[in-house]
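Breakdown of the fold
In case you want the letters, here they are:
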Amino acid sequence: MHRMALSKDYHNERIILKSKQEEHINPVQHHAAIETLYQEHAKAIFDPQIYLQIHINYDEEEKLKRRKPNIADATNRRISTSPIKAIRKRKESGYSSNMEEVPIQPRGLFWQNDFITHEHEARLIQIFQNELEWPERSGRLSLHYGYTFDYKTFGVDPNVPFKEFPEWLVPLIPTREGRPPDQVCLQHYPPGAGIPPHVDTHSAYDQLYALSLGAPVMMQFARSSDTGPDGDSEQKEVVEVDLTPRSMMQMSGDSRLHWTHGIKKRKTDTLRDGTVRRRDDRWSITYRWVREPAVCNCGNTKLCDTAQQQLGIERELRWKKAGEGTTVGLLQKFE
Ligand SMILES: O=C(O)CCC(=O)C(=O)O
Ligand SMILES: [Fe+2]
């Protein structure tokens, strides 16, 4: 299905991957194929320089081909332009990626304080408040960028073109994954709004990042375990994480797969030292990378849709299509 060729650029000591995309091919599969080939041969998937080289070449080759717009063009835009632009834009802004694992349960939470400056945050909030069109309703509000998810196939909807990331978003894209996210969601939480405890559906998404802006808020991570002698009494472990403004959080490993996360609907949060903090307007940007193939191997029959499917367990998936309701993409809720 793919015609790909590898050549070595001895001058730059880089491996260059050339790839041609056939029409009517799933963009994510195509991207995954490039990734696999690249991993096999270059073994440095997270080196942004090498990644850049590959995609610059890929881009140039694509430019030579003039085709009528189709899904492949949307894909090329996402594969070629965005990672280069995102890395360059972040570097130009004087930012770097410096995520460190937080030494708490749940494991797998990575964190960077001051992902952007106060001034940058203030400019973004201006844009959010004055230049964007938000849905008219109360509670948490969401705006979506990137691919649209097809809830029937649990994959990228090939009929909806990629919604370009706006200029203000580009320097805010995490560059650690070596490729841009497939889906980005900007959410506004007015004081009192929250998001129910959930896991972002395992089979649909892989990595997950969230940038917090505006007022801080407490997020609850929760895990329940069967601990009784007959495995029937359930114990719940809850860990509160303070989502401070300008911090970037990555949920990977246990925090992504084996704990739910949510934000309570309330007007105040009580801090560990007993201080009662009033809620105020908060915005978050959630970044999601599609999992390919759409199968998760974590085996958690309580939280994982793949594990449940394999067991023949029917779980109610309470989601709504992006923009239609108050949920934010494909989530599995637990209350
Ligand atoms: O608002 C946040 O920080 C996280 C939101 C969230 O959990 C999600 O979008 O799935
Ligand atoms: Fe989530």
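What counts, and where the lines are drawn
Residues numbered from 1 in each chain as written. Chains lettered and ligands numbered in written order. Predicted model: local features only at pLDDT ≥ 70, side-chain atom pairs only at ≥ 80, totals over all residues. Heavy atoms only, no water. Donors = N, O, S within 2.8 Å, 3.2 Å for Na, K, Ca; no water. Helix = DSSP H or I, 4+ residues; strand = E, 2+ residues; numbered from the N terminus. Buried < 20%, exposed > 50% of the residue type's maximum accessible area, 1.4 Å probe, protein only. Near = heavy atom within 4 Å. Polar contact = N/O pair within 3.5 Å; in protein donor to acceptor, adjacent residues only side chain to side chain. Areas by Shrake-Rupley, 256 points an atom, 1.4 Å probe, with all protein chains shown as cover. Salt bridge = Lys/Arg side-chain N within 4 Å of Asp/Glu carboxyl O. Pairing = 2+ DSSP bridges. Contact = heavy atoms within 4.5 Å. Expected span 1.5 Å × (residues − 1). Arc of directions from axis to C-beta. Disulfide = S-S within 2.5 Å.

Moving on: the coordination of the iron ion (ligand 2). Coordination of the iron ion (ligand 2) by the protein is provided by His198 (NE2), Asp200 (OD) and His261 (NE2), with metal-donor distances spanning 2.1 to 2.3 Å. Spacing between the donor residues of the iron ion (ligand 2) along the chain follows H-x1-D-x60-H. With His198 in strand β9 (residues 195-200) and His261 in strand β14 (residues 260-263), the pair connects residues that are 63 residues apart, well separated along the chain. Taken as a pair, His198 and His261 share a single burial class, namely buried.

What surrounds ligand 1 is a group of 14 residues, the closest being Tyr189, Asp200, His261, Arg282 and Ser284. Separating an oxygen atom of ligand 1 from a side-chain N or O atom of Asp200 is a distance of 3.0 Å. Contact between ligand 1 and His261: an oxygen atom at 3.0 Å from a side-chain N or O atom of the residue. When the free accessible area of ligand 1 is taken as 300 Å², the share hidden by the protein chains comes to 100%. Top element by residues in the shell around ligand 1 is strand β17 (residues 282-290). It accounts for 4 residues.

This next bit is on the environment of Val102. Within the element layout of this structure, Val102 appears in the loop between β3 (100-101) and β4 (109-112). In the structure, Val102 is positioned 10 residues away from Gln112 in sequence and 9.6 Å away in space, judged by C-alpha atoms.

Our next topic: the pattern of salt bridges. Scanning the model with the defined rule gives 10 salt bridges in all. A salt bridge links Glu240 to Arg266, with the nearest nitrogen and oxygen atoms 3.7 Å apart. Of the two residues, Glu240 sits in strand β12 (residues 234-243) while Arg266 sits in the loop between β14 and β15 (268-270), which places them 26 residues apart along the sequence. Owing to a relative accessible area of 29%, Glu240 belongs among the partly exposed residues under this scheme. In this structure, Asp242 and Arg277 form a salt bridge, with 2.7 Å as the shortest nitrogen-oxygen distance. Taken together, the residues Asp242 in strand β12 and Arg277 in strand β16 (residues 276-278) connect sequence positions 35 residues apart.

In spatial order, the strands read β3-β4-β13-β10-β17-β8-β5; together these 7 strands make up an open sheet with antiparallel pairing. Whereas interior strands pair on both sides, the edge strands pair on one side only; in this sheet they are β3 and β5 (141-146). Sheet topology places strand β8 (residues 183-189) next to β17; 7 bridges connect them, and they run antiparallel. Across the sheet, the residue bridging to Leu186 is Ile285, located in β17.

A few words on the environment of Tyr145. Relative to the helices and strands, Tyr145 is located in strand β5. Residues Tyr145 and Asp182, 37 residues apart in the sequence, show an inter-C-alpha distance of 8.5 Å. When neighbours within four sequence positions are excluded, Tyr145 is seen to be in contact with Leu132, Lys163, Glu164, Phe165, Pro166, Trp168, Leu169, Asp182, Gln183, Val184 and Leu186.

Residues Thr260 and Gly262 point to one face of β14 and His261 and Ile263 to the other, with burial holding for every one of them. In this structure, β9 lies alongside β14, joined through 2 bridges in antiparallel fashion. The residue bridging Ile195 from the neighbouring strand is Ile263, located in β14.

Given a rise of 1.5 Å per residue, 13 residues ought to cover 18 Å, and the 18 Å separating the end C-alpha atoms of helix α4 (residues 118-130) matches this to within 8%. Along α4, the positions that sit buried rather than exposed are His120, Glu121, Leu124, Ile125, Ile127 and Phe128. Down the axis of α4, the buried side of the element spans an arc of 155°, and every buried residue falls inside it. Facing away from the buried side of α4 by more than 90 degrees, the exposed set consists of His118, Glu119, Arg123 and Asn130. Residues of α4 that are buried make contact with β8, β10 (205-214) and β17.

What follows is about the state of the cysteines. Applying the stated criterion across every chain yields a total of 0 disulfides. Here Cys296 is not disulfide-linked; the sulfur of Cys298 is the nearest cysteine sulfur, at 3.8 Å.

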